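A closer look at the structure
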Amino acid sequence: FEIIKYQKGELRFLTGILFLSPVMLLMKAGLIENVRAKEITLHHFFNGVSMVEFEQKSYEFAVHKLPRLIRPEALAKIRFHQRNNDRIIIVSASARDWIEPWSRTENIELLTSRLEKKDGRITGKLESLNCNGSEKVNRIKAHLDLSEYSPIYAYGDSAGDKEMLLLADHPFFRAF
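A brief structural summary. (Residues numbered from 1 in each chain as written. Predicted model: local features only at pLDDT ≥ 70, side-chain atom pairs only at ≥ 80, totals over all residues. Heavy atoms only, no water.)

**Overview of the environment of Leu 42**
By the element assignment, Leu 42 lies in helix H3 (residues 34-46). The sequence separation of Leu 42 and Ile 122 amounts to 80 residues, and the corresponding C-alpha distance is 9.2 Å. Filtering out sequence-adjacent residues up to four positions away, Leu 42 remains in contact with Asn 47, Leu 115, Gly 124 and Leu 126. (Helix = DSSP H or I, 4+ residues; strand = E, 2+ residues; numbered from the N terminus. Contact = heavy atoms within 4.5 Å.)

Next comes the structure, spelled out in structure tokens:
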């Protein structure tokens with residue numbers, strides 16, 4: 001939601017969330033899937049937005065806002081793994097657009113959801129499967145051979161991370 005607030009402003013965010021509250025309630029009740037609610041939300045806020053404008057604002061968000069959203073304990077753990085020359089990969093259901101500028105400066109790889117773009121505009125749909133739950137595991141296994149890494153550390157803070165945490169020798173859930 002932080003990217004929406006940043007790109008659309010607090011008032012537009014709040015009115016949009018109010019408008020979308022039935023969708024959120026249906027998702028919480030298990031009547032529509034998380035990914036469907038996500039696409040409805042993305043469509044509401046970003047459908048038709050120029051890719052140039054979206055990418056510029058996403059870049060600004062990644063440079064100016066995202067570093068302040070990262071918990072100090074999480075950043076300390078990233079620094080620990082960087083000092084040990086560990087391979088660090090962020091696996092996120094968030095879209096690549098607003099994480100990559102920051103992750104690139106940190107030399108961190110990304111496996112993320114991707115937004116669909118057509119005719120120079122954002123559609124509000126996902127380009128492929130939402131990088132959440134078992135899809136995180138699929139992306140990790142497609143990206144690297146886990147047998148080449150030991151030990152494996154994984155950090156997660158949501159239900160969508162639980163399958164990924166099962167891959168790790170050292171899983172940490174809501175550690176920060």
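Still more ground to cover, so stick around.
**Quick notes on the packing of helix H2 (residues 10-28) against H3**
If you want to describe how two helices pack, look at the angle between their axes and the distance between the axes. Their axes nearest at 10 Å, the elements H2 and H3 cross at an angle of 160 degrees. Between H2 and H3, the angle falls in the class roughly antiparallel. Considering the relative orientation of H2 and H3, their crossing is right-handed. Counting all contacts with H2, which are made through Arg 12, Phe 13, Gly 16, Ile 17, Phe 19, Leu 20, Val 23, Met 24 and Met 27, the residues of H3 involved are Asn 34, Ala 37, Ile 40, Thr 41, His 44 and Phe 45. Here the residues of the contact of H2 with H3 are counted per class, giving 10 nonpolar, 4 polar and 1 charged. (Axes fitted to C-alpha atoms, helices over the stretch in contact; angles between N-to-C directions. Parallel < 35°, antiparallel > 145°, perpendicular 65-115°, else oblique. Left-handed = near helix turned anticlockwise from the far one by under 90°. Nonpolar A, V, L, I, M, F, W, Y, C, P; charged D, E, K, R; others polar.)

**What about the pattern of salt bridges?**
Counting across every chain of the model gives 11 salt bridges. Glu 53 is the partner of Lys 57 in a salt bridge, and the nearest nitrogen-oxygen pair spans 3.4 Å. In this pair, Lys 57 and Glu 53 are both assigned in helix H4 (residues 51-69), 4 residues apart and thus about one turn of the helix distant. By relative accessible area, which is 36% here, Glu 53 ends up partly exposed. In this structure, a network of salt bridges that share partners links the residues Glu 2, Lys 5 and Lys 65. (Salt bridge = Lys/Arg side-chain N within 4 Å of Asp/Glu carboxyl O. Buried < 20%, exposed > 50% of the residue type's maximum accessible area, 1.4 Å probe, protein only.)

**Overview of the packing of aromatic side chains**
Within the structure shown, the criterion is met by 7 aromatic pairs. Ring plane angle 5 degrees and centroid distance 6.4 Å describe the contact between Tyr 153 and Phe 172, whose orientation is recorded as stacked. Taken together, the residues span a long stretch of sequence, with Tyr 153 in strand S5 (residues 153-156) and Phe 172 in strand S6 (residues 170-173) at a distance of 19 residues. Among the residues examined, Phe 172 registers a relative accessible area of 31% and is labelled partly exposed. Through pairs of rings, three or more aromatic residues link up here, namely Phe 1, Phe 13 and Phe 45. Note that Lys 77 overlies the ring of Phe 80, its terminal NZ or CZ placed 5.1 Å from the centroid. Above the ring of Phe 173, the side-chain terminus of Lys 162 is found at 5.1 Å from the ring centroid. (Phe/Tyr/Trp six-rings, centres within 6.5 Å; stacked < 30°, edge-to-face > 60°. Lys NZ or Arg CZ within 6 Å of the ring centre and 35° of its normal.)

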